[in-house]
Amino acid sequence: MTFVPYRDAGRASPRKSAGGAARLVALFRFGLPVAACLLVLAASLVRAADGGQAASPSAVSSVPSGSPQGAPQAAVLPGPQDAWPEGAAFPDIALAMPSPDAGWNGGADVAVPAPLPGETPARGQMFRLSDLRGQVFIVNLYSWFCAPCQEEAPALRALDARISSAGPGGLAGRVRLVGIAAGDDWNLVQSFRQRHGLVFPLFADPELALHGQLGGLPVPFTWVVRREADGFRVLFTLSGALTGTPAQFLDRVLAAAGPLP
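About the criteria used
Residues numbered from 1 in each chain as written. Predicted model: local features only at pLDDT ≥ 70, side-chain atom pairs only at ≥ 80, totals over all residues. Heavy atoms only, no water. Helix = DSSP H or I, 4+ residues; strand = E, 2+ residues; numbered from the N terminus. Buried < 20%, exposed > 50% of the residue type's maximum accessible area, 1.4 Å probe, protein only. Pairing = 2+ DSSP bridges. Contact = heavy atoms within 4.5 Å. Axes fitted to C-alpha atoms, helices over the stretch in contact; angles between N-to-C directions. Disulfide = S-S within 2.5 Å. Salt bridge = Lys/Arg side-chain N within 4 Å of Asp/Glu carboxyl O. Expected span 1.5 Å × (residues − 1). Arc of directions from axis to C-beta.

Novice: Help me understand the overall build of the chain, please; the structure alone is not making it clear to me.
Specialist: In terms of helices and strands, the chain carries six helices and eight strands. Counting from the amino terminus, helix and strand elements in the chain follow one another as α-α-β-β-β-β-α-β-α-β-α-β-β-α. Here the chain, with 261 residues, has 35% of them falling under the buried criterion.

Okay, structure coming up:
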């Protein structure tokens, strides 16, 4: 649309006046909402800045990378190793065997594929750590969805193979590796076992009951415990994936455990 000048310079053009009014209406219609949005954004940034200043870094800790997603920030607590010092009592945890009620229609070998003499795991049975043969237990807490846990699995496989072959007659039946799958069902346990070729016992913890009982720690996390007359006692713990070679880790386990029967 072109602008046609009005002949009378002393009077405003009707067309010009109408166009100006239209522009004024458009300004109010579109400009005011934009300005309001900018004001709201500015106010939000101010509140966020005030909140960040109010929360002291020393009073609030970050959520660990291995913690469940969406976990709220909490006050700084002692580290995982501090929660499980050497000599601390370790619970005789309940290791539920698979069952159709738990969404698994296969056999009990998904949990214990190679039971030792005297072990009789069956579907639907409530198993406990003390029902497994062994004097020293390496209890590994992991999750299918944890990338460091997936990366650690080959080292666990090698560690288990070394346990089976180390020393006179091997350490099988005296040192035992046990995995707890935090947040995983039996189908994910089976997938983890098959992906990494694992033959040591693995137990599903789909409702995170064991994970919570053991302190809700980030995964992977490993306890090395010894069976005593009054239950299990912690020898040492490891937060994060296994370090060093499987042989070095096993040497550390045996040194901490002392003579084994």
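Novice: Just checking my understanding: could you explain the environment of Ser191 for this structure?
Specialist: As for its placement among the helices and strands, Ser191 is situated in helix α4 (residues 186-196). The class of Ser191 is partly exposed, set by a relative accessible area of 29%. Residues Ser191 and Val110 lie 81 residues apart in sequence; the distance between their C-alpha atoms is 9.7 Å.

Novice: Explanation requested: the sheet that holds strand β5 (residues 175-182) in the structure shown.
Specialist: Within a sheet, neighbouring strands are paired by backbone hydrogen bonds and run either parallel or antiparallel to one another. Here six strands make up an open sheet; going across it, the order is β1-β8-β7-β4-β5-β6 and the pairing mixed. For this open sheet the edge positions go to β1 (89-90) and β6 (202-205), each flanked by a neighbour on one side alone. Lying over the sheet, helix α3 (residues 147-165) contacts β4 (136-142), β5 and β7 (221-228), oriented at roughly 165° with respect to β4. Each of β4, β5 and β6 touches α4; the most contacted strand, β6, lies at about 145° to it.

Novice: Got a minute to help me understand the state of the cysteines in this structure?
Specialist: Chemically, a disulfide is nothing more than a covalent bond linking the sulfur atoms of two cysteines. For the structure shown, the criterion picks out one disulfide. At a sulfur-sulfur separation of 2.4 Å, the disulfide partner of Cys146 is Cys149. The sign of the 80° torsion about the S-S bond sets the Cys146-Cys149 disulfide as right-handed. For the pair shown, Cys146 and Cys149 are each scored as buried.

Novice: Help me understand the pattern of salt bridges in this model?
Specialist: Within the structure shown, the criterion is met by two salt bridges. Of the charged contacts in the structure, one is a salt bridge between Arg233 and Asp230, with a shortest N-O distance of 2.9 Å. Judged by its relative accessible area of 28%, Arg233 is partly exposed. Asp230 gets classed as exposed once you look at its relative accessible area, which sits at 56%.

Novice: Before we go on, may I ask you to explain helix α6 (residues 246-257) in this structure?
Specialist: Side chains that are three or four residues apart share a direction in an α-helix, a result of its 3.6 residues per turn. Its twelve residues give α6 an end-to-end C-alpha distance of 16 Å, which sits within 8% of 16 Å, the value for a rise of 1.5 Å per residue. Listed as buried for α6 are Phe249, Leu250, Val253 and Ala257. The arc that holds every buried residue of α6, seen down its axis, measures 100°, which confines them to one face. Away from its buried face, by an angle of more than 90 degrees, α6 presents the exposed residues Asp251 and Ala255. Along its buried surface, α6 packs onto β4, α3, β7 and β8 (231-239).

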